Structure formats: structure tokens, C-alpha cells
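Per-entry structural report
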Amino acid sequence: SGMSKSRDCFGYPLSIFFIVVNEFCERFSYYGMRALLILYFTRFIGWDDNLSTAIYHTFVALCYLTPILGALIADSWLGKFKTIVSLSIVYTIGQAVTAVSSIHDLTDFDHDGTPDNLSVHIALSMTGLALIALGTGGIKPCVSAFGGDQFEEGQEKQRNRFFSIFYLAINAGSLLSTIITPMLRVQLCGIHSKQACYPLAFGVPAALMAVSLIVFVIGSGMYKKFQPQGNIMGKVVKCIGFAIKNRFRHRSKAFPKREHWLDWAREKYNERLISQIKMVTRVMFLYIPLPMFWALFDQQVLKAGLLELQPDQMQTVNAILIIIMVPIMDAVVYPLIAKCGFNFTSLKKMTVGMFLASMAFVVAAIVQVEIDKTLPVFPKQNEVQVKVLNIGNSSMTVSFPGSVVTLPQMTQTNEFMTFDVDKLTSINISSPGSPITPVTYNFEQGHRHTLLVWDPIYYRVVKDGLNQKPEKGENGIRFVNSFDESFNITVGENAFVNVTSHNASEYQFFSLGVKNFTLSSTQQIPQNCTKNFQSSNLEFGSAFTYVIRREDTGCPKMYEFEDISPNTINMALQIPQYFLLTCGEVVFSVTGLEFSYSQAPSNMKSVLQAGWLLTVAVGNIIVLIVAGAGQFSEQWAEYILFAALLLVVCIIFAIMARFYTYVNPAEIEARFDNEDEKKNLENMNKYATVAPISQTQM
């Protein structure tokens, strides 16, 4: 193996810094590009949400599966260094192609700001994404293993610290890119017409990938590079196949048992290869329960709805916590545990990581129960809910079975009133000095309705369409028009088009903050009137109705009514579960990387890193399959189920780990090398001792 004396820096090989910076740039590039995909698919290409999400998940799954390919290329053919360089080139090209695919001017021949030939853009972006999946997945196992290769025997401590720093770089890259990339997208650019700047937002990740590649190549002279030893995976597969066949042939009691099933390959393969394969299969066996862990772990991150954060903000919180926790674990927690005289081995750490994740779900369930106590009551299957909103100029009285409400102008009943479908027999509207008007309407079971009244004889029932809290902590907004003609309202990028007279629009959903409304009406609004209104400060999970009516002056005025109150649960309650979950991830993930490296034979380091990544991939695939399967009516019950499943996985893993014997691959391989050398020497001695005799006999 080509050894160049590695230069040191704080007791670490200098080459490590190039590898860490390379990983940081690569992750920034990947997450930056990924953060845009769904928006790009829906807004630029114009696919619907389902197709966009399906393509997105397929892409992510591909990125998780290609590591096997990269590892095979590295360990069997090109070596880690050349694999990283060549696949990074593929990757950079992929990023560039994707960026080009998002330039609307490419096919916008009539300069109207929308591409005229979408299939060109689709073909380019799919090609780009395929190249990216090959690149990002292919280099992933090689970069971490190549980093591990830079350390000498006896630098285990520094090597473990390297895997921590490596994990930090991954999360720092993803954190910065999820903050920066959306800022780039909202810029406007274009030759003939200005549009949201996807080329810039995709171009920055492409540039960073190029930087990542350049940084990596600059370090070239310092790296320790090991030559791949021929088609190692081919040998492994053949050897395992032969062992199984041979074992099957000698299945009768007549043949003595062998210690390990792989020892049945001895007739054909050397001890060294057999012992290396044993190392790999033992670790792989240990990995069997892990996809289950990742599947459950990912569920939690998907269900960030708890925290009322947007999913990408969630990723930010996760990354920030990891960046805080990794150094604390490394510099404070582990040394303290060691001081107490407890031997905290890799597998023990991983077991503890799983246990922490399980506890996070228990906490999540408790918090969820607290949240449920504060939620509004929605109608059950056989019930309907009604509230009355008086948008007229005089007081109205509405009588329901068992209750009568009187509403002054521009007020509503504070609560929704709940009725059994069968019991809601009659509703009457009356006002002093006018006849009683019965409300005839076929109420839909399980839904909320708003009864708009504006005159003793005029009313309208509107089905709300919201029979649960708005998703993802967003806020529902709808408008009620009490003009005599229709109007349009724009709220940021959203428009409520053609809201007809004395009617309500559908709800649209918005994130937190104060929203600005702009009104435009078919009839003239006097010049001196304001057409711009503001909402109150929206929080999480609320819904509001805004009534717009014409005042005596002829100017529009807005009234705000609350339909669903915002979530009252304190964000601080949610910190413990995220804290536990992140501690679990740090203890589990970082340790998994270093364990996979330290237990792998020298010629299969990338392959085992890929094996570790594969457990994540299979976990994600399980999520996709199960996601549609079943929903619990109670969210907390789902959390308890996950906690229980995680605990089961944790216990199974702990039991399997008890039977695992740690190996030092370098030592074992050195032993074989010594034996080989001895044999060679003996052979040479044989010839050396034979020769003189033959001379004397002459």
C-alpha cells in the first residue's frame, strides 16, 4: 500500500481537514438542492403534489441505494481516492444539468416567463437527478472510510474523534444550506422576463460541489491511499456460496462439525479471506434489526407536526441540536463515563442511543395527551356543528332546538353548537317586526357549518370544510363578502378569486406572522378609502374568518372572527423529546460509523460503510410502505406503539450485541502476513539448504 508520511496537526493527519471540508461542501450542495426539489416540481414544472412527492421520494431512495455501487467500485476496482474523484465529477455535472434545467429562458421562445417546451426541462432535470443520485450515494461510503484510512495503528482515539467531526460537518452543511438556499430562490432573475431564481438556487449547490471536488483533489499529495485488492466482492460472494454448498454436501452426522459455517470454505479459499468475510458477516448480522430503528426514528422526524414547525425548519432544529450535542458527548459525557470506570463500548453506546430514542417517544406521547386536552371539539360522524355569523346591519335572533341566540350586527356565536343529526329538526331566523324565516339546508354529517345571516329573510349556510386543526401548524383564512357584488383579495402569493356577494370563500393556509390583504372589487371603491388590511398576528394551527363590508362612507372595513383558536401548548414542553431524540441519534449514528469502520477488514472498509448506510435506506423504504398503511385515531397511541417497538428493537439488538466479539482487523491481517512471510522464508531456506548438498555430490 502506498504510504506517504502524513503531516500532523494537533495530533491528527493534516489530510483529514481536506476530507472534512469536502464533506461539508458536499452536504451543503446536496441538502441545498434537495430543499428546492418539491417546489421546483410543483411551481416550475407544474406537477401535482402527489407526483412531485413520489418523484422526490424515489430520488431520495436512489441516493440511499447507490452507496453499495460506490463501495464496490472503490473496494474492488478504482480504490477510494479515484472513486471519490470520478464520482464527484459525475455529481458536479448532475448538479450543473439540474441548474440548467431550471432556466426558464431555455425554451421560453415567446418571452412570457413560462417555458414553452416543458419536456426539455423534465428530461434535463431527471438526467441531472440520476447523476446526482449516483454521485452523492456513490461517494458517501468512500469518503468516511477514506477518512478512517488516514490514521495509523494506535490512533483509535483520534479516529473516533474524526467520525464525530465528520458527522458535525454533515449537519453543519445541511443546516447552512437549508437556511441559505430558500433565500436564493426568492431572488428574481431572467433574460427576457424575471422569474423566481431557480438557476441561482440550483447553481450555488453546483458551485459548492465543484469547490468540494477541488478541495479534495488539492489534498491529494497528503493522503494515505490503499490499492484495491482485485475483485474482492466477487471473491466474497463465491466464497460464501462455496461454504454453503460444501456445508450442505457434508450435512450427514458422519462429518465432524466445524466451528463456523464459513470454515466449510477452507478446501478452496485461504484462511485470511475466510477470516475477513467472517468479520463482515458478523457485523452485517448485527445490522439486521437496525432498519427498524431508522424507520421509527424517521417517523418521528416526519411527524414534526407536533412542534408546529415546517419540515425544513425541523431539519434546522435537528441539525442545530446535533451540532451542540456531538462536542458535548465527545468532550464531556464519554470522558466522565470512562472516569467512573465503566467500559462504554461501541455496541453499548448504540443500545443506549436506541433506548434514548424510545424514551423520546414516551415523552412525545405525554406531551400529545396534554395537547389533546386543549384541542377544540370537532363533530363526530353522527353530529353536525353550526355557528351563526351576523353580517347584516341589524340584530338577529336564531332559534335552534333547545337554544335561542340573539346576535347584534357583526357578531358571531363564540362556540360552534353541536347537534345530533336527527335532533337538528328546525332552525328559525327572526328579527323584531319581521316574519320568521325557517332555514332549510341539508347539513353534512361530521362537518362544521357557518350560518350567515344579513337580513330577516336572507341567509346562507356554508360548509366550513375544516373538521380538524390545520396541518403543519399553518393557519386557515377565509373571507366573507357582505358587499352587493363580488371581489378579489390577494394575500402574499395567494389569491382569493371572485368571492361572491354574501358568501364565504374556501379556506387557504398560511404560516405564522401578520398577513397583508389587498382588496379589489368589481364596483369602484372611492379613492380616499384604504384597500389594504392586516390580519392579527397569526400563531400556530388557528383559523379565522374575515368579513369585509362597506361602511356608510362607502369604504370597505374588515372584521376578524376566530373559528379555531391557536395552539396553546408551550413550545418549551417539546424540547425534552427533541433533546432525547438528538442525543439518541448522536450516540447511535456517530458510533455506528466508527464501529463499522473499526470492525471491517482493510479491503472492505467502504463496503461496510455502505452496509451501515443501507440500514438507513431500508428504514426509509419501510416508512414509505407503512406510511399509507394505517392511522391511529389517537396520535399519542401511535407514539406509545413506536416507543414499544423501539424498545423491542433495542432489546433484540442488546442481546445480539452480547454475543459479538470485537476484533482488531489490522492485527488479524498482520498475523496472516507474518505467517505468509514465515512460509516464504521456510521455502527459501528449503532451497538454500538443498543446494550445497547437490554441489558436494557432484
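Residues numbered from 1 in each chain as written. Predicted model: local features only at pLDDT ≥ 70, side-chain atom pairs only at ≥ 80, totals over all residues. Heavy atoms only, no water.

1. Some thoughts on the overall build of the protein
As a reminder, the rule being used: Going along the chain from the N terminus, every DSSP run of H or I of four or more residues is numbered as a helix, and every run of E of two or more is numbered as a strand. Only the C-alpha atoms count toward the radius of gyration. The rule for a globule is 2.2 Å times the residue count to the power 0.38. Each residue is assigned to one of three classes by its accessible area relative to the maximum for its type, calculated with a 1.4 Å probe on protein chains only: buried under 20%, partly exposed between the two thresholds, exposed over 50%. Every residue pair with non-hydrogen atoms within 4.5 Å of one another is taken to be in contact. What sets the accessible areas is the Shrake-Rupley method with a 1.4 Å probe; for residues, cover comes only from the shown protein chains. Here the positive residues are Lys and Arg and the negative ones are Asp and Glu; neither His nor the chain ends is included. A charged residue contributes its charge at one atom only: NZ of Lys, CZ of Arg, CG of Asp or CD of Glu.
Secondary structure summary: the protein contains 14 helices and 22 strands in total. Over its C-alpha atoms the protein spans a radius of gyration of 33 Å, topping by over 25% the 26 Å that the globule rule assigns to 698 residues. Projecting the C-alpha coordinates of the protein onto the three principal axes gives extents of approximately 145 × 60 × 50 Å. Counting over 698 residues, the protein shows a buried share of 51%. Across the protein, contacts joining residues at least 24 apart in sequence account for 71% of those joining residues at least 6 apart. Working note: accessible area of the protein is about 33,000 Å², and carbon and sulfur atoms make up 61% of it. Distance from the positive charge centre (54 side chains) to the negative charge centre (55 side chains) of the protein: 13 Å.

2. A short note on the environment of Val 369
Within the secondary structure, Val 369 is located in helix 10 (residues 346-374). Sequence separation of Val 369 and Glu 634 is 265 residues, and the distance between their C-alpha atoms is 9.2 Å.

3. Some details on the environment of Thr 615
Inclusion rule: Polar contact is defined as a pair of N or O atoms within 3.5 Å, subject to the rule that within protein one atom must be able to donate a hydrogen and the other to accept it, and that residues adjacent in sequence are counted only when both atoms are side-chain atoms.
Within the fold, Thr 615 resides in helix 12 (residues 605-627). By relative accessible area, which is 4% here, Thr 615 ends up buried. Each C-alpha atom, one on Thr 615 and one on Met 284, is 9.7 Å from the other, the two residues being 331 residues apart in sequence. Polar side-chain contacts of Thr 615 include one of 3.3 Å to the side chain of Trp 294.

4. Let's talk about the pattern of salt bridges
Quick reminder of the rule: Here, a salt bridge means any Lys or Arg side-chain nitrogen found within 4 Å of an Asp or Glu carboxyl oxygen.
Throughout the structure, instances matching the rule amount to 17 salt bridges. A salt bridge links Asp 563 to Arg 478; the nearest nitrogen and oxygen atoms lie 3.7 Å apart. Taken together, the residues Asp 563 in strand 22 (residues 556-564) and Arg 478 in strand 14 (residues 475-481) connect sequence positions 85 residues apart. Each member of the pair, Asp 563 as well as Arg 478, carries the same accessibility label: buried. Here the salt bridges share partners, and the residues they tie into one network are Asp 263, Arg 266, Glu 271 and Lys 278.

5. Overview of the sheet that holds strand 11 (residues 434-438)
Put simply, the rule is: Here the rule is simple: two strands pair whenever DSSP picks up at least two bridges between them. Fitted lines through C-alpha atoms give the axes, limited to the stretch in contact for helices. The angle between two N-to-C directions lies from 0 to 180 degrees.
The strand order across the open sheet formed by 4 strands is 7-6-10-11, and the pairing between neighbours is antiparallel. At either margin of the open sheet sits one strand with a lone partner, and together these are strand 7 (403-407) and strand 11. Across the sheet, the mean angle separating the axes of adjacent strands is 20° when strand polarity is ignored. The sheet contact formed by strand 6 (residues 396-400) and strand 10 (residues 428-431) spans 3 bridges and is antiparallel. Across the sheet, Thr 397 pairs through a bridge with Ser 430, a residue of strand 10.

6. A short note on the packing of helix 1 (residues 15-45) against helix 2 (residues 49-101)
Let me state the cut-off plainly: Roughly parallel here means an angle under 35 degrees, roughly antiparallel means over 145, roughly perpendicular means 65 to 115, and every remaining angle is called oblique. Helix crossings are classified by the rotation of the near helix relative to the far one: an anticlockwise turn of less than a right angle makes the crossing left-handed, while a clockwise turn makes it right-handed. Polar here means any residue outside two lists: the nonpolar Ala, Val, Leu, Ile, Met, Phe, Trp, Tyr, Cys and Pro, and the charged Asp, Glu, Lys and Arg; Gly therefore counts as polar.
Following both chains from N to C, one finds helix 1 and helix 2 inclined at 155°, their axes separated by 5 Å at the closest point. Of the possible angle classes, the one that applies to helix 1 and helix 2 is roughly antiparallel. Crossing of helix 1 against helix 2: the hand is right-handed. From helix 1, Glu 26, Ser 29, Tyr 30, Met 33, Arg 34, Leu 37, Ile 38, Tyr 40, Phe 41, Thr 42 and Phe 44 reach across to helix 2, where they touch Asp 49, Ser 52, Thr 53, Ile 55, Tyr 56, Phe 59, Val 60, Cys 63, Tyr 91, Gln 95 and Ser 101. Residues of the contact of helix 1 with helix 2, tallied by class, amount to 13 nonpolar, 6 polar and 3 charged.

7. Concerning the packing of helix 2 against helix 5 (residues 198-218)
Relative to each other, helix 2 and helix 5 sit at 165°, their axes nearing to 8 Å. One element, helix 2, and the other, helix 5, form an angle in the roughly antiparallel class. Here helix 2 and helix 5 pass one another in a crossing that is left-handed. Together, Phe 81, Ile 84, Val 85, Ser 88, Ile 89, Tyr 91, Thr 92, Gln 95, Ala 96, Thr 98 and Ala 99 of helix 2 and Pro 199, Phe 202, Gly 203, Pro 205, Ala 206, Met 209, Ala 210, Leu 213, Phe 216 and Val 217 of helix 5 make up the contact between the two elements.

8. Points about a nonpolar patch on the surface
What counts here: Within the patch definition used here, like charges are joined within 9 Å and nonpolar side chains (Val, Leu, Ile, Met, Phe, Trp, Tyr) within 5 Å, considering only residues with over 30% relative accessible area and no salt bridge.
Where nonpolar side chains cluster on the molecular surface, the patch consists of Ile 320, Ile 324, Ile 328, Val 332 and Leu 336 and spans about 410 Å² of accessible area. Among the secondary structure elements, Ile 328 is positioned in helix 9 (residues 311-339). When its relative accessible area of 34% is taken as the criterion, Ile 328 is described as partly exposed.

9. Digging into the packing of aromatic side chains
As a reminder of what qualifies: Side-chain rings of Phe, Tyr and Trp (the six-membered ring for Trp) are treated as a pair once their centres are within 6.5 Å; stacked means planes under 30 degrees apart, edge-to-face means over 60, and tilted covers the remaining angles. Whether a charge sits over a ring comes down to the Lys NZ or Arg CZ being within 6 Å of the ring centre and within 35 degrees of the ring normal.
Applying the stated rule across the entire model yields 43 aromatic pairs. Plain terms: the ring middles of Phe 24 and Phe 28 are 6.4 Å apart, the flat faces sit at 55° to each other, and that makes the pair tilted. Taken as a pair, Phe 24 and Phe 28 lie in helix 1 at a separation of 4 residues, close to a single helical turn. Seen in terms of ring centroids, Phe 146 and Tyr 223 are 5.0 Å apart; in terms of plane orientation they differ by 75°. Their pairing is edge-to-face. A residue pair is termed long-range when its members are at least 10 positions apart, and Phe 146 in helix 3 (residues 118-149) and Tyr 223 in the loop between helix 5 and helix 6 (232-249) qualify at 77 residues. Under the relative-accessibility criterion, Phe 146 is labelled buried at 2%. Put simply, the rings of Tyr 40, Phe 41, Phe 44, Trp 47, Tyr 198 and Phe 202 pair up and form one aromatic cluster. We note Arg 258 situated over the ring of Trp 264; from NZ or CZ to the ring centre the distance is 4.1 Å. Sitting over the face of the ring of Tyr 597, Lys 605 holds its NZ or CZ atom 4.2 Å from the ring centroid.

10. A short note on the side chain of Asp 330
Inspection of the secondary structure puts Asp 330 in helix 9. Beyond its immediate stretch of four places on either side in the chain, Asp 330 contacts Arg 161, Ser 164 and Pro 335.

11. Things to note about the domain arrangement of the protein
Operational definition: These domain boundaries are the output of an automatic or database domain assignment. Buried area adds together the accessible area that both of two parts lose upon being put together, with accessible area traced by a 1.4 Å probe.
Segmentation of the protein into domains returns domain 1 (9-227), domain 2 (270-373 + 572-675) and domain 3 (383-564). For domain 1 versus domain 2, the distance between C-alpha centres works out to 24 Å. Listed by partner, the interface residues are 32 residues for domain 1 and 32 residues for domain 2. In total, domain 1 and domain 2 occlude about 2,900 Å² of area from one another, counting both sides; carbon and sulfur atoms represent 68% of this. Contact with domain 2 buries area across many residues of domain 1, yet Tyr 64, Phe 163 and Tyr 167 alone supply 22% of it, more than any other trio. The shortest N-O distance in the salt bridge between Arg 161 and Asp 330 comes to 2.8 Å. Linking domain 1 to domain 2 there are 9 residue pairs in polar contact (both at pLDDT 80 or more).

12. Quick look at the environment of Ala 360
Tracing the sequence through the fold places Ala 360 in helix 10. With a relative accessible area of 0%, Ala 360 lands in the buried category. Distance in space between the C-alpha atoms of Ala 360 and Thr 450 is 40 Å, their sequence separation being 90 residues. The residues touching Ala 360, leaving out its near neighbours within four places in the chain, are Gln 577, Leu 580 and Leu 581.

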